[in-house]
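This is what each chain is made of:
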Amino acid sequence: MSLNTALDALPIFPCKIDKSPLTPNGFYNAIAGADYSHWPRVGVATGVVSGIDVIDIDPDGLPWLEANRARLPLTREHKTLRGVHLLLKHHPGMRNSNRRIAKGVDIRGDGGYVIWWPREGYPIIDRTLAEWPEWLLDLATIDAHSDLRAHSDVDLHAVKGRMYGPPSHGGVEPTGNLKLRSTYVLNKVERAQVGERNRLLFWGSCRHGEMIGEGRMKREVAERLLESAAKTNGLWRDGAADVRATIRSGIETGIKQWQAMIGDKASMQGPHTYMRPLKAGADFSVGTRFRAKAKT
Amino acid sequence: MKDELDVVKELTIEEMGLAAIASNLGGRQRELLKCRYPEGGIFYLVIDDDGGFQAESIEELKEYMGVE
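Not measured: the values here are computed from a predicted model.

Undergrad: What is the right way to look at the overall build of chain B in this model?
TA: Counting its regular elements, chain B contains two helices and four strands. The order of helices and strands in chain B, counted from the N terminus, is β-α-β-β-β-α. For chain B, the residues scored as buried account for 50% of the 68 residues in total. In chain B, the proportion of contacts linking residues at least 24 apart, taken out of those at least 6 apart, comes to 34%. Just so you have it, chain B exposes about 3,300 Å², and 52% of that area is on carbon and sulfur atoms.

Shown next, in the form of structure tokens:
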């Protein structure tokens, strides 16, 4: 597929030098076969409308590209202003995202557009568009994992390891990123299927109990979040009282686990430890952990 | 009919927060534009060096940005 043939067949629209669309409806004004000779920049709508997804790699993503070059399919490549565009055949449902795959690696699919840098004279490697490889598709489309990546630099496996990995300090470790951990746990509870909802609600309540025990989250906040997750997975409709009882039991279990861990660490390390044991029923307001740390 | 984007200058507090996040989303400098369709209705554009994405609602925008 030659460069001109490619661009002539694609839904394109004019963009300004600053890359913003020079149209009233954004990429909804994209059409195939338009005369782009006088446009400052040419935008190409990605996703189902063009049949093209683009992996947009900026300088931060170049190490990822080099590390994975051998696993990536041979496909069309465009040099860009600061990096590389890898063009792939559109995968149904592929949407836009940033950093799902790695830092500096964006996806342009449905709802996105790219600047067509070859038109500005940037070099290309002209190849037939390849399909998404399975391993990359997994990274690009797994919601829970990708959301976590998008929120933080925290390595997903480290987060998972914290919750599922080999026990240390009695199986409980301090929470790193509170929002990250809570969101991950709540996603699991929300997506629980019939037959596993109670078990996962209890598990999620235990994990939130640990966060409460740490002084990182208020109990009433955790209860509200967990009740909301139970409403999402349908368990609430089967019995709100049972849901509340499960949450209460799980939270108390989690708090006790955290207290036991702190007690173990205190006995191992002497009086100047990470945090003194907390009393059950105390007001675990956010910030307790930091006040406790300041004493050490 | 205008042939350019009709950019809405007034942003809600939530939109201002998202604009701030977008300015360095994923380590890239980006700009969030709130625009009005000629026929009415709002859409959002997040623009970076190499293109961007367009969202039809604030929920879709948040999904693309990976924020809650």
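Undergrad: I keep staring at the environment of Thr80 of chain A and nothing clicks. Help me out?
TA: Mapped onto the elements, Thr80 of chain A comes out in the loop between β4 (76–79) and β5 (84–89). Linking Thr80 of chain A and Tyr122 of chain A, residues 42 residues apart in sequence, is a C-alpha distance of 6.7 Å. In contact with Thr80 of chain A, not counting residues within four places along its chain, are His85, Trp117 and Tyr122 of chain A together with Asp50 of chain B. A polar contact of 3.4 Å, which involves the side chain of Thr80 of chain A, links it to the backbone nitrogen of Val84 of chain A.

Undergrad: Help me understand helix α8 (residues 219–233) of chain A, please; the structure alone is not making it clear to me.
TA: Spacing of three or four residues puts side chains on the same side of an α-helix, whose turn is 3.6 residues. Residues and elements named next belong to chain A. Here α8 contains 15 residues, and its C-alpha end-to-end distance of 21 Å stays within 8% of the 21 Å for a straight helix at 1.5 Å per residue. What α8 keeps buried is the set Ala222, Leu226, Glu227, Ala229, Ala230 and Asn233. The buried residues of α8 occupy an angular sector of 160 degrees when the element is viewed end-on, so they sit on one face. In α8, the exposed positions that point more than 90 degrees away from the buried face belong to Arg224 and Thr232.

About the thresholds
- Residues numbered from 1 in each chain as written.
- Chains lettered and ligands numbered in written order.
- Predicted model: local features only at pLDDT ≥ 70, side-chain atom pairs only at ≥ 80, totals over all residues.
- Heavy atoms only, no water.
- Helix = DSSP H or I, 4+ residues; strand = E, 2+ residues; numbered from the N terminus.
- Buried < 20%, exposed > 50% of the residue type's maximum accessible area, 1.4 Å probe, protein only.
- Contact = heavy atoms within 4.5 Å.
- Areas by Shrake-Rupley, 256 points an atom, 1.4 Å probe, with all protein chains shown as cover.
- Polar contact = N/O pair within 3.5 Å; in protein donor to acceptor, adjacent residues only side chain to side chain.
- Expected span 1.5 Å × (residues − 1).
- Arc of directions from axis to C-beta.

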